[in-house]
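Observations on the three-dimensional arrangement
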Amino acid sequence: MPDAAAPLPLPQGRARAAPQERRRRVAPLAAAPPARDGDEPLLRGIFEIGKRSCDVVLSARRLRWSPILPESPTGDSSVALQAQEEIIEMKDVFSVKLKRRRFAGQKKGGTLLGITIFKCLNKEENKLTDCAIHLNNLSEDHCQSWFRHLKEILNGFQTRPKSLKVFVNPSSHKREATNIYYEKVAPLFKLAGIKTDVTVTEYEGHALSVLKECELQAFDGVVCVGGDGSVSEVAHGLLLRAQIDAGKDTEYVSKPVRAPVPLGVIPAGTTNILAHTLYGIKHTVTATLHIVMGHIQAVDVCTFSTPSKLLRFGFSAMFGFGARTLALAEKHRWMPSSQRKDFAFIKTLADLKPEECELSFLPLQILQEDTHEKDRITLLYLGSKDQWQKIQGHFLNVSIMAIPCLCSMAPRGLAPNTRLNNGSMALIVVQNTSRTEFIKHLKRYSSAKNQFNFPFVETYTVREVKVQPRLKSGPDSKESMCLNAEGNYPWNIDGDLMREASEVHVRVHPQLIDLYGVNTDELESSQVTCNCI
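Here, residues in each chain are numbered from 1, in the same order as that chain's written sequence. The predicted nature of this model means local features are confined to residues of pLDDT at least 70 and side-chain atom pairs, given and counted, to a pLDDT of 80 or more, with totals for whole chains, interfaces and linings taken over all residues. Calculated side-chain values reflect all of the structure's heavy atoms, with hydrogen atoms and water omitted.

What follows covers the overall build of the protein. Helix and strand assignments come from DSSP, with helices taken as H or I runs of at least 4 residues and strands as E runs of at least 2, each series counted from the N terminus. Of regular secondary structure, the protein possesses twelve helices and 23 strands. Every one of the 533 residues in the protein was classed for burial, and the buried ones make up 50%. Two residues qualify as a contact provided that any one of their heavy atoms is within 4.5 Å of a heavy atom in the partner residue. Long-range pairs, those at least 24 residues apart, make up 70% of the contacts in the protein between residues at least 6 apart in sequence. All accessible-area figures derive from a Shrake-Rupley calculation using a 1.4 Å probe, and residue coverage is judged against the displayed protein chains alone. Here the protein has roughly 26900 Å² of accessible surface; of this, 49% comes from carbon and sulfur atoms. We call a residue buried when its accessible area falls under 20% of the maximum for its residue type, exposed when it is over 50%, and partly exposed in between, using a 1.4 Å probe and counting protein chains only.

Rendered as structure tokens:
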């Protein structure tokens, strides 16, 4: 294809035919379509796309092109109208490169072939992938001008990270995290021009130690490659660092400040609850592209505290069956991950015992629209501001969750009635019942049926919860309560085992951290297609 001239507001006319040379007659290029708001053409030129010469128009919001069709011998202008215009939204583009042909071993220079544009494509079932569109043109000046304009548009997306601090947990699940990062994640970061500083963690608490001391202002975000426990540690570290930088007492935090930078989650664990909740799927490329595209979702976070100190920042917790299962699994770390968790689940189910405790909770204030006045809407608060409620009894499991907690075993979520950032927690209380009925309840999580539709299951929407275990008396009390030698009770906080002897106070803090991802409620309605070349 002949080199195109420098980009012009409108393309030049056809080249003059050489003497005594017959050339194919080409339909005149149509005028650029009327500009919409924010869609004024910046450049217009000719590129070869998919072996066809195309009229290409670039605006701040879109890149669109249509084939240049031969002129009809009969002069019928309808032929030109048959050229189907294709459009790429610039918000879906994450990288642009100059395309060159190089010899083996050649790292710089080479013959310019055109421009390659890399786009994020939403295929099906919430899965993202990348595709490339090649705009071929041999003119150096032409391509350089287009390249500069495209880069300038991409640099205008402020939420997209330019520099990331990455933590990789090499011990998570099947010890695949390191390969996942370097083989699938790092190449996409490099393609998007994102600089990274990588720490491969060597022990539990390593990421927390690094986050307390590193220069966070040098990064636009933090990424964790690992399971739910690893992600929880990094989230806790980010929020703890925010309190330190704000000069707050980290021993007891009643009103925490927000995390300074967003957190990205690359799933490399067993359950991957956070990844499923943020992306709707466990898929490495999908998670990476959400980070690259700068998709940010504000998320609620809980503080877990005793009356005297802060234990942890986290998203969800279980006391009872869920915690005792994790405690038993941790005692058998020598077993393979999947076998260890299956063994712990079956053993805990076989030894199913209730735990006696007192639950105090503060129900969420319900907002209601006053529809009596037509001209304005008044919001009414139902219920007293500090009206604590208490329930006491024998419970098989107590779940406290600020996010829906989706996973492959619970596609609707462990707490499907809550959301990522609605300022509430789901308190799910399973009272003592038979093993058969409890198993029926657990099986419902993997089906479309309501897992809470049992007389022994109660659910509440709350702002705060206090859990006070009641120690049984007798020689087998420690065994029945799954206590350790110090008499502490196990808690499962985001897949991490914690033990505490006294009352645990859980508060929800609305939108305390930004996570790379989207609201999965909106994903299913946003499927798009693209003809990538």
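Now that the structure has been shown, the text picks up again.
What follows covers the pattern of salt bridges. The term salt bridge refers to a side-chain nitrogen of Lys or Arg lying within 4 Å of a carboxyl oxygen of Asp or Glu. The full count for this structure, using the stated rule, is 15 salt bridges. Across the pair Glu85 and Arg64 runs a salt bridge, and its minimum N-O distance is 3.5 Å. One end of the pair, Glu85, is in the loop between α1 (78-81) and β4 (86-89); the other, Arg64, is in strand β3 (residues 62-67), with 21 residues separating them in the sequence. Here Glu85 falls in the partly exposed class, since its relative accessible area comes to 38%. What you see here is one network of salt bridges that share partners, running through Glu358, Lys390 and Arg470.

This brings us to the pairing of strand β15 (residues 355-363). Most of β15 is tucked away: seven of the nine residues are buried. Whether two strands pair depends on DSSP finding at least two bridges between them. Strand direction decides the pairing type here: β15 and strand β18 (residues 389-401), joined by seven bridges, are antiparallel. Among the inter-strand pairings, Leu359 is bridged to a residue of β18, identified as Ile391. Examined bridge by bridge, β15 and strand β20 (residues 457-469) share seven bridges and lie antiparallel to one another. Across the sheet, the residue bridging to Glu358 is Gln468, located in β20.

With respect to the helices and strands, the residue His441 is situated in helix α10 (residues 435-444). Not counting residues within four places of it along the chain, the set of residues in contact with His441 comprises Val430, Gln451, Phe452, Phe454, Phe456 and Val457.

Here Arg470 is to be found in the loop between β20 and α11 (477-481). With relative accessibility at 31%, the residue Arg470 sits in the partly exposed group. C-alpha of Arg470 to C-alpha of Glu358: the two residues are 112 residues apart in sequence and 7.3 Å apart in space. Under this definition, polar contacts are N or O atom pairs within 3.5 Å; protein pairs additionally need one hydrogen-donor-capable and one acceptor-capable atom, and for neighbouring residues in sequence, both atoms have to be side-chain atoms. At 3.2 Å, the side chain of Arg470 and the side chain of Glu358 are in polar contact.

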